[in-house]
Amino acid sequence: ESLYEAGRFCRVIEPLRKKLKLWAAVDVEDSHLAGDRAALTARVKLFCDLVRAAGFRPMVYANSWWLESRFESPAGVPIWEANWSASARPSRARMWQYTSTGKVGGIVGNVDMNVAYSIIGDADGDGNVDMADVIRMMRAAAGWKVSVDESQADLDKDGKVSVKDVILLMRALS
């Protein structure tokens, strides 16, 4: 089932590949999904692995309750967390949906409002893209034993952090 869903998802977003700058997010809030925590965790991980294998950056979207009680988000996959009652960003969230009652000019009615704390290139996961990320990526590319958020640092999406990624980040920062 996840194989079919991930394949369809990737086919739908494929025409947008060159325009996608952030993540390909999967919404995990569906009461029809497996009730067993381990089964749903495995299903979400497989979906994200298949999306990554197709050359996209996977992200998991869910509200705080789902993230705490229904499944475990796959390691290395950023979280887009909906929590409308929190006064500050949940610590695990790379994106935070902080309200469902936002207002935007030109749109009638309420709008979900989100803020991103981490963008592509944030190799150290501190929410900023800066020279510290360049240095960490250079060390990783040189084979040093440093932790790198590969979902953010692999800018060319070839499956590894390399000198090419460092160059791409330096160009983006300049």
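Look up: the structure comes first, before these words.
Values in this document were obtained by computation on a predicted structure and should not be read as measured data.

Rules behind the numbers
Residues numbered from 1 in each chain as written. Predicted model: local features only at pLDDT ≥ 70, side-chain atom pairs only at ≥ 80, totals over all residues. Heavy atoms only, no water. Helix = DSSP H or I, 4+ residues; strand = E, 2+ residues; numbered from the N terminus. Rg over C-alpha atoms; globule rule 2.2 N^0.38 Å. Buried < 20%, exposed > 50% of the residue type's maximum accessible area, 1.4 Å probe, protein only. Contact = heavy atoms within 4.5 Å. Areas by Shrake-Rupley, 256 points an atom, 1.4 Å probe, with all protein chains shown as cover. Lys, Arg positive; Asp, Glu negative; His and termini not counted. Charge placed at Lys NZ, Arg CZ, Asp CG, Glu CD. Salt bridge = Lys/Arg side-chain N within 4 Å of Asp/Glu carboxyl O. Core = buried A, V, L, I, M, F, W, Y, C linked by side-chain atoms within 4.5 Å. Phe/Tyr/Trp six-rings, centres within 6.5 Å; stacked < 30°, edge-to-face > 60°. Lys NZ or Arg CZ within 6 Å of the ring centre and 35° of its normal. Pairing = 2+ DSSP bridges. Right-handed = clockwise from strand over helix to strand, strands pointing away.

### Concerning the overall build of the protein chain
Helix and strand content of the protein chain: six helices and five strands. Scanning the protein chain from its N terminus toward the C terminus, one meets helices and strands in the order α-β-α-β-α-β-β-β-α-α-α. On C-alpha atoms alone, the protein chain measures out to a radius of gyration of 17 Å, which is about the 16 Å that the 2.2 N^0.38 rule sets for 174 residues. Dimensions of the protein chain, computed from the C-alpha atoms along their principal axes, are close to 45 × 40 × 30 Å. Residue burial in the protein chain is summarised as follows: out of 174 residues, 37% are buried. A separation threshold of at least 6 residues defines the contact pool for the protein chain, and within that pool the share at least 24 residues apart is 46%. As presented, the protein chain carries roughly 10000 Å² of accessible surface, and 57% of it is formed by carbon and sulfur atoms. Of the charged side chains in the protein chain, 23 are positive and 23 negative; the average position of the first set lies 5 Å away from that of the second.

### A word on the pattern of salt bridges
On inspection of all chains with the given rule, the structure shows eight salt bridges. A salt bridge links K160 to D158; the nearest nitrogen and oxygen atoms lie 3.1 Å apart. Bridged by salt links that share partners, the residues K45, D49 and R52 form one connected network.

### Brief notes about the environment of S31
The residue S31 is located in the loop between β1 (24-27) and α2 (37-53) in this model. Separated by 91 residues in sequence, S31 and D122 have C-alpha atoms that sit 33 Å apart.

### Looking at the nonpolar core
By size, the foremost hydrophobic cluster in this structure holds 20 residues, and its most contacted members are V28, L40, V44, V60 and F71. Of all the elements in the fold, those that place two or more residues in this core are α1 (2-13), β1, α2, β2 (58-63) and α3 (64-69). The biggest single contributor to this core is α2, with five residues. Judged by nonpolar contacts, the second largest core, of ten residues, contains V148, A153, V161 and V166.

### A look at the packing of aromatic side chains
For the structure shown, the criterion picks out four aromatic pairs. On the basis of an interplanar angle of 50° and a centroid distance of 5.5 Å, the ring pair of F9 and F47 is categorised as tilted. Placement of the pair is F9 in helix α1 and F47 in helix α2, with a sequence separation of 38 residues. Taking the ring centre of F56 as reference, the NZ or CZ of R17 above it sits at 4.1 Å.

### Observations concerning the pairing of strand β3 (residues 79-82)
Pairing between β2 and β3: four bridges, direction parallel. Bridged to V60 within β3 is I79. Once you follow β2 into α3 and on to β3, the crossover reads as right-handed.

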